[in-house]
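Coordinate analysis (summary)
The primary structure of each chain is shown beneath.
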Amino acid sequence: MAARGVNGFQRFLQSETGPKTIHFWAPVMKWALVFAGISDLSRPVESLSGTQQLALFATGAIWTRWCLIIKPKNYLLASVNFFLGTVASVQLGRLFAYHRSLGKSYPETFQSLFSQETAKPKIEVPAPAAA
């Protein structure tokens, strides 16, 4: 029984996507992006970037598919990219709902999601009165 476990572990160590290859460590490090996105769920929606979330969503969607068609299939990389895209889509949903709650039309909402301006309303500070 123990010999079979050693052989399985040895196969894992020597596999094409095992811990001695970049195919293992790149997805492990990429999980940091997923955890950062999850922690951003507690951030105020005004401080999120629509372009950044769109880029993360596209990365997740494109690379998830790619990981399943390459040889060898890299399920660890596919899973991290899937969750990266999922977290980004949740953030995009939050941004969309926020902009709609401001009374913006659909075209205005999409434009403001992907513009570089911040979503925070601008507050003008009155100049001090001369004495």
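Residues numbered from 1 in each chain as written. Predicted model: local features only at pLDDT ≥ 70, side-chain atom pairs only at ≥ 80, totals over all residues. Heavy atoms only, no water.

Turning next to the overall build of the chain. A count of helical and extended segments in the chain gives five helices and zero strands. Of all intrachain contacts in the chain linking residues separated by at least 6 positions in sequence, the fraction that spans at least 24 positions is 61%. When the accessible surface of the chain is summed, it comes to about 9,100 Å², and 67% of that surface belongs to carbon and sulfur atoms. (Helix = DSSP H or I, 4+ residues; strand = E, 2+ residues; numbered from the N terminus. Contact = heavy atoms within 4.5 Å. Areas by Shrake-Rupley, 256 points an atom, 1.4 Å probe, with all protein chains shown as cover.)

Looking now at the environment of V87. Tracing the backbone through its elements, the reader meets V87 in helix α4 (residues 75–101). V87 has contacts with V34, G37 and I38, leaving out every residue within four places of it along the chain.

Under the defined criterion, the tally for this structure stands at one salt bridge. For R43, the salt bridge is made with D40, and the minimal N-O distance between the two is 3.7 Å. (Salt bridge = Lys/Arg side-chain N within 4 Å of Asp/Glu carboxyl O.)

We now examine the environment of K30. With respect to the element layout, K30 can be found in helix α2 (residues 22–39). Separated by 54 residues in the primary sequence, K30 and L84 place their C-alpha atoms 8.8 Å from one another. Contact partners of K30, with chain neighbours within four places excluded, come to T59, L77, V80, N81 and L84.

Here we take up the confidence of the model for the chain. Per-chain confidence: the chain averages 84 in pLDDT, with 87% of residues scoring 70 or above. Of all helices and strands in the chain, the one with the weakest mean pLDDT is helix α1 (residues 2–14) (69), whereas α4 scores best (94). (pLDDT = per-residue confidence, 0-100.)

In this model helix α3 (residues 50–69) runs 29 Å from its N-terminal to its C-terminal C-alpha over 20 residues, within 8% of the 28 Å that 1.5 Å per residue would give. Along α3, the residues classified as buried are G50, Q53, G60, T64 and C67. Here the buried residues of α3 occupy an arc of 145° about the axis, which is enough to place them on one side. Exposed residues pointing more than 90 degrees away from the buried face of α3 are listed as I62 and R65. Buried residues in α3 make contact with α4 and α5 (106–113). (Expected span 1.5 Å × (residues − 1). Buried < 20%, exposed > 50% of the residue type's maximum accessible area, 1.4 Å probe, protein only. Arc of directions from axis to C-beta.)

Any two packed helices are characterised by the angle at which their axes cross and by the distance between the axes. The interhelical angle for the contact between α3 and α4, taken along N-to-C directions, is 150°, at an axis separation of 7 Å. In terms of their interaxial angle, α3 and α4 are classed as roughly antiparallel. The hand of the α3/α4 crossing is left-handed. Contacts between α3 and α4 pair G50, Q53, L54, L56, F57, T59, G60, W63, T64, W66, C67 and L68 from the former with Y75, L77, A78, N81, F82, L84, G85, A88, S89, Q91, L92 and L95 from the latter. Across the contact of α3 with α4, the residue classes break down as 15 nonpolar, nine polar and no charged. (Axes fitted to C-alpha atoms, helices over the stretch in contact; angles between N-to-C directions. Parallel < 35°, antiparallel > 145°, perpendicular 65-115°, else oblique. Left-handed = near helix turned anticlockwise from the far one by under 90°. Nonpolar A, V, L, I, M, F, W, Y, C, P; charged D, E, K, R; others polar.)

What follows deals with a nonpolar patch on the surface. A grouping of I62, W63, W66, L68, I69 and Y75 is seen on the molecular surface, where their side chains present a nonpolar patch of about 620 Å² in accessible area. With five residues, α3 is the largest single contributor of residues to the nonpolar patch. For Y75, the position within the fold is in helix α4. (Patch = residues over 30% accessible without salt bridge, like charges linked within 9 Å, V, L, I, M, F, W, Y side chains within 5 Å.)

The subject of this paragraph is the side chain of Q91. Within the secondary structure, Q91 sits in helix α4. Sequence-distant contacts of Q91, that is, excluding residues within four places in its chain, are made with G37, D40, L41, L48 and Q53.

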